[in-house]
Amino acid sequence: MRLPILYVRNKILGEYKVKNAVIYIHGKYGTAEEAEYYKKFFKEADVIAFEYTSDYPWNFKKEFSTFFDDICTKYKKISIIANSIGAYFSMISLSEKQIKKAMFISPIVDMENVILNMMKWENVSEEELEVKKIINTSFGESLLWEYLSYVRKNSIIWDIPTSILYGEKDDITSLKAMNNFANKINADLTILENGEHWFHTEEQISFLDSWFEKSICSNAD
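Overview of the structure. This is a predicted model, so every value here is computed, not measured. (Residues numbered from 1 in each chain as written. Predicted model: local features only at pLDDT ≥ 70, side-chain atom pairs only at ≥ 80, totals over all residues. Heavy atoms only, no water.)

## Examining the pattern of salt bridges
Side-chain pairing between opposite charges can occur once the charged atoms of the two side chains come close.
Logical step 1: A full pass over the atoms with the stated rule returns nine salt bridges.
Logical step 2: Among the ionic pairs, K39 bridges to E36, the shortest N-O distance being 2.8 Å.
Logical step 3: When its relative accessible area of 36% is taken as the criterion, K39 is described as partly exposed.
Logical step 4: Looking at E36, the relative accessible area reads 52%, which means it is exposed.
Logical step 5: Residue R152 is joined to E112 by a salt bridge in which the shortest nitrogen-to-oxygen separation is 2.9 Å. Highlighted residues: R152 in helix 7 (residues 145–153) and E112 in helix 5 (residues 111–121), separated in sequence by 40 residues.
Logical step 6: What emerges from the salt-bridge pattern is a single network uniting E112, E126 and R152. (Salt bridge = Lys/Arg side-chain N within 4 Å of Asp/Glu carboxyl O. Buried < 20%, exposed > 50% of the residue type's maximum accessible area, 1.4 Å probe, protein only. Helix = DSSP H or I, 4+ residues; strand = E, 2+ residues; numbered from the N terminus.)

## Notes on helix 8 (residues 175–185)
Logical step 1: Among the residues making up helix 8, those that are buried are A177, M178, F181, A182 and I185. The buried residues of helix 8 occupy an angular sector of 130° when projected down its axis, which confines them to one face. Away from its buried face, by an angle of more than 90 degrees, helix 8 presents the exposed residues K176, N183 and K184.
Logical step 2: On its buried side, helix 8 packs onto helix 4 (85–93), strand 7 (162–167) and strand 8 (188–192).
Logical step 3: The positive-phi residue at the C-terminal boundary of helix 8 is N186, with phi of around 60°. (Arc of directions from axis to C-beta. Contact = heavy atoms within 4.5 Å.)

## Section: the sheet that holds strand 2 (residues 45–50)
Logical step 1: An order of 2-1-3-4-7-8 is seen for the six strands of this open sheet, with the pairing classed as parallel. With partners counted over all chains shown, the strands left at the sheet margins are strand 2 and strand 8, one partner each. The sheet shows a mean angle of 15° between the axes of neighbouring strands, taken without regard to direction.
Logical step 2: As judged from the five bridges shared by strand 1 (residues 20–25) and strand 3 (residues 78–83), these two strands associate in the parallel manner. Along strand 3, the bridge assignment pairs I23 with I80.
Logical step 3: Contacts from helix 4 reach strand 1, strand 3 and strand 4 (101–105) within the one sheet, and its direction differs from that of strand 3 by about 135°. (Pairing = 2+ DSSP bridges. Axes fitted to C-alpha atoms, helices over the stretch in contact; angles between N-to-C directions.)

See below:
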């Protein structure tokens, strides 16, 4: 007897969705190739890199949602690893998605303050930015009134189980801001003494590895 096409399709998807997936979202100037590093931590799950193309949150939200929904059709449970601004984009884009666990490395949790600080460095007032709409800075970044307005109108709402790794000397997000954010979303916050925003030294990478092992074990099925 020939089975209905719909039944066959669902049976195939059901078999495929036995595995879990971990999506890696890189930070600014990062690349999808960074995902290769994290495969050693996930023996029973597929690590999938997301090479997004959007620069601004209003575009990224649609792009990531589409990507995530496609992955959902193929895997049982999905976790995410996100770095720096990739974590910010993830939080404003995926708060309503079915995510098992989020692991954030040096996440940007107060984008408004980041933009205001860049404005201070360039001696740009809010009034000037509102009139000009976009101002190119001497340090290579562009200030956009639309970006600042979007950030203010779209606060982070995030209740997914989350572990955060943060460097005490992070020059983008203050320790106070990170502590406040972690308390707000009930995240497990780990702080590396004298650590930086970019984890790159031998000591920092070793600490990151240990943190990953602990974070994964604490959330094992």
